[in-house]
Amino acid sequence: MDNAYLFVHFKGTESKPDDEQIYFAVSKDGLKWENVNGGRPVLRSDMGERGLRDPHILRLEEGGFALIATDLSIYGRRGMKNVWKDAQECGSKDIAVWRSDDLINWTEQKMVRAAADDAGCTWAPEAIYDREKGEYMVFWASKTADDGYKKQRIWRAYTKDFNELSKPEVYIDREYSVIDTTIAYIDGVYYRFTKDEDGKTVFLETAESLNGEFSECDAFSLKGERGYEGPSLCRVGDGYMLYMDNFATHEGYKTFYTDSVAKADFRPKDGFETPDIFRHGTVMRITAEEYERLMKLA
């Protein structure tokens, strides 16, 4: 086995506090998953809202890993009349950050300010290395008070070390709310998947630069499929697997496979099995050695 896969996620239905923490699972084929750490959280939050959602992990250019997550607890808002309104308008401006050299030993949790001063939330942060700038572009969704929290936009900022971020700026702005953006760089092209929060669909755009003009991909076979969010793209075998959280059915992730991301012809892939309901996270390729280390985590 030359490669294996790591799925970093939260789980469940916000029915208990441990649902909104960070869990690891591993797989040898990207389809059948086993829990790490006995199915217990690998990382817990004792800061901010004390809840963690939408974790994103990336392998750093300089070696090691960074893991970032939404500082949010829906469980902690139980009993509120307008839970999701409060989460979007009165939520955290920070993201939770950890670093690791080996996927086993992690730094202490750090809260890093990301969003604008008038932001009501900082949702689903992700990061990608910007080859033109030589820095990491961190991006997330926020509603802001300047338009009465009218809609979600994707914002971005830059960092070299994940200890602090540059001044945030709007990155994706549509007539409708957009959240849950993920970006993959493949063969000189950036593939950007984003959720249309109003239409409850995921759309795909492409560009040759993170700072260039992105064009929507009309050939995307899942365009118009409703009820999905939290997309994550990973190379599996000779092709690519797109993992999307089927939030509308409360069943967790579904899998779609393509031989060529450029053709954008993703088809349902059978055989996906998880021991729990996995919610919005990230799938990443790992080495056989990293897989074995994670399997021993207790």
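Structure's up top.
Let me begin by describing the structure that accompanies this report. (Residues numbered from 1 in each chain as written. Predicted model: local features only at pLDDT ≥ 70, side-chain atom pairs only at ≥ 80, totals over all residues. Heavy atoms only, no water.)

Focus: the overall build of the protein chain
Part 1 of the argument: Scanning the protein chain from terminus to terminus reveals 2 helices and 20 strands.
Part 2 of the argument: Taken against the 2.2 N^0.38 rule, which gives 19 Å for 298 residues, the C-alpha radius of gyration of the protein chain at 18 Å falls within 12% of a compact globule.
Part 3 of the argument: Principal axes of the C-alpha set define a box for the protein chain whose edges measure 50 × 40 × 40 Å.
Part 4 of the argument: When each of the 298 residues of the protein chain is scored for burial, the buried share is 58%.
Part 5 of the argument: A sequence separation of at least 24 residues applies to 53% of the contacts in the protein chain between residues at least 6 apart.
Part 6 of the argument: Surface exposure of the protein chain reaches about 12900 Å², of which carbon and sulfur atoms provide 42%.
Part 7 of the argument: Of the side chains in the protein chain, 41 bear a positive and 55 a negative charge, and the two mean positions are spaced by 3 Å. (Helix = DSSP H or I, 4+ residues; strand = E, 2+ residues; numbered from the N terminus. Rg over C-alpha atoms; globule rule 2.2 N^0.38 Å. Buried < 20%, exposed > 50% of the residue type's maximum accessible area, 1.4 Å probe, protein only. Contact = heavy atoms within 4.5 Å. Areas by Shrake-Rupley, 256 points an atom, 1.4 Å probe, with all protein chains shown as cover. Lys, Arg positive; Asp, Glu negative; His and termini not counted. Charge placed at Lys NZ, Arg CZ, Asp CG, Glu CD.)

As for the packing of aromatic side chains
Part 1 of the argument: As enumerated under the stated definition, the model contains 16 aromatic pairs in all.
Part 2 of the argument: Geometrically, the ring pair formed by phenylalanine 7 and tyrosine 253 is edge-to-face, given 5.1 Å between the ring centres and 75 degrees between the ring planes. Separated by 246 residues along the polypeptide, phenylalanine 7 in strand E1 (residues 3–11) and tyrosine 253 in strand E18 (residues 253–258) bring together distant segments of the chain. Residues phenylalanine 7 and tyrosine 253 agree in their burial class; the two are buried.
Part 3 of the argument: Here the aromatic cluster, defined as three or more aromatic residues joined through ring pairs, consists of Phe7, Trp33, Tyr243, Tyr253, Phe272 and Phe278. (Phe/Tyr/Trp six-rings, centres within 6.5 Å; stacked < 30°, edge-to-face > 60°.)

Focus on the pairing of strand E20 (residues 278–287)
Part 1 of the argument: With 8 of its 10 residues buried, E20 lies for the most part within the structure.
Part 2 of the argument: Both E1 and E20 contribute to a ladder of 8 bridges, which runs antiparallel. If you follow valine 8 over to E20, its bridge partner there is threonine 282. (Pairing = 2+ DSSP bridges.)

With respect to the sheet that holds strand E8 (residues 123–130)
Part 1 of the argument: In space, the 4 strands of this open sheet follow the order E8-E9-E10-E11, with antiparallel pairing throughout. Strand pairing shows two members of the sheet lacking a second neighbour, E8 and strand E11 (169–172), which therefore form its edges. Pairs of neighbouring strands in the sheet enclose a mean axial angle of 35 degrees, with direction left out of account.
Part 2 of the argument: Across 6 bridges, E8 lies against strand E9 (residues 135–142) in antiparallel orientation. Bridging from a neighbouring strand, tryptophan 123 pairs with alanine 141 of E9. (Axes fitted to C-alpha atoms, helices over the stretch in contact; angles between N-to-C directions.)

Remarks on the environment of valine 26
Part 1 of the argument: Structurally, the position occupied by valine 26 is in strand E2 (residues 23–27).
Part 2 of the argument: As a C-alpha pair, valine 26 and methionine 295 span 269 residues in sequence and 7.9 Å in three-dimensional space.
Part 3 of the argument: Residues within four places of valine 26 in sequence aside, it is in contact with Tyr5, Leu6, Lys32, Trp33, Glu34, Val36, Ile286, Tyr291, Leu294 and Met295.

Comments concerning the sheet that holds strand E14 (residues 201–207)
Part 1 of the argument: The strand order across the open sheet built from 4 strands is E12-E13-E14-E15, with neighbouring strands paired in antiparallel fashion. Each edge of the open sheet carries a strand with a single partner, namely strand E12 (178–186) and strand E15 (215–216).

Considering the side chain of aspartate 19
Part 1 of the argument: Of note, aspartate 19 is situated in the loop between E1 and E2.
Part 2 of the argument: Of the polar contacts made by the side chain of aspartate 19, one reaches the backbone nitrogen of glutamate 14; its length is 3.3 Å.
Part 3 of the argument: Polar side-chain contacts of aspartate 19 include one of 3.2 Å to the backbone nitrogen of serine 15.
Part 4 of the argument: Setting aside anything within four residues of it in sequence, one finds aspartate 19 in contact with Phe10, Lys11, Gly12, Thr13 and Glu14. (Polar contact = N/O pair within 3.5 Å; in protein donor to acceptor, adjacent residues only side chain to side chain.)

Some words on the side chain of histidine 280
Part 1 of the argument: If you trace the backbone, histidine 280 turns up in strand E20.
Part 2 of the argument: Assessed through its relative accessible area of 4%, histidine 280 is described here as buried.
Part 3 of the argument: Of note is the side chain of histidine 280, whose polar atom sits 3.3 Å from the side chain of aspartate 54.
Part 4 of the argument: Apart from residues lying up to four places away in sequence, histidine 280 is in contact with His9, Phe10, Asp54, Pro55, Ala124, Asp180, Gly230, Asp245 and Tyr253.

Some remarks on the pattern of salt bridges
Between side chains of opposite charge, a pair can form when the charged atoms approach closely.
Part 1 of the argument: The final tally for this structure, using the stated rule, is 27 salt bridges.
Part 2 of the argument: For the salt bridge of aspartate 86 with arginine 77, the shortest nitrogen-to-oxygen distance reads 2.7 Å.
Part 3 of the argument: Exposure remark for arginine 77: the relative accessible area of 6% places this residue in the buried category.
Part 4 of the argument: Each of Glu14, Glu20, Arg53, Asp245 and Arg279 takes part in a single network of salt bridges with overlapping partners. (Salt bridge = Lys/Arg side-chain N within 4 Å of Asp/Glu carboxyl O.)

Details of unusual backbone geometry
Part 1 of the argument: Residues other than glycine seldom take positive phi values, yet glutamate 14 does so here, at roughly 60 degrees.
Part 2 of the argument: One non-glycine residue with positive phi stands out, namely aspartate 180, at about 55 degrees.
Part 3 of the argument: Inspection of the secondary structure puts aspartate 180 in strand E12.
Part 4 of the argument: Judged by relative accessible area, which is 6%, aspartate 180 ranks as buried.

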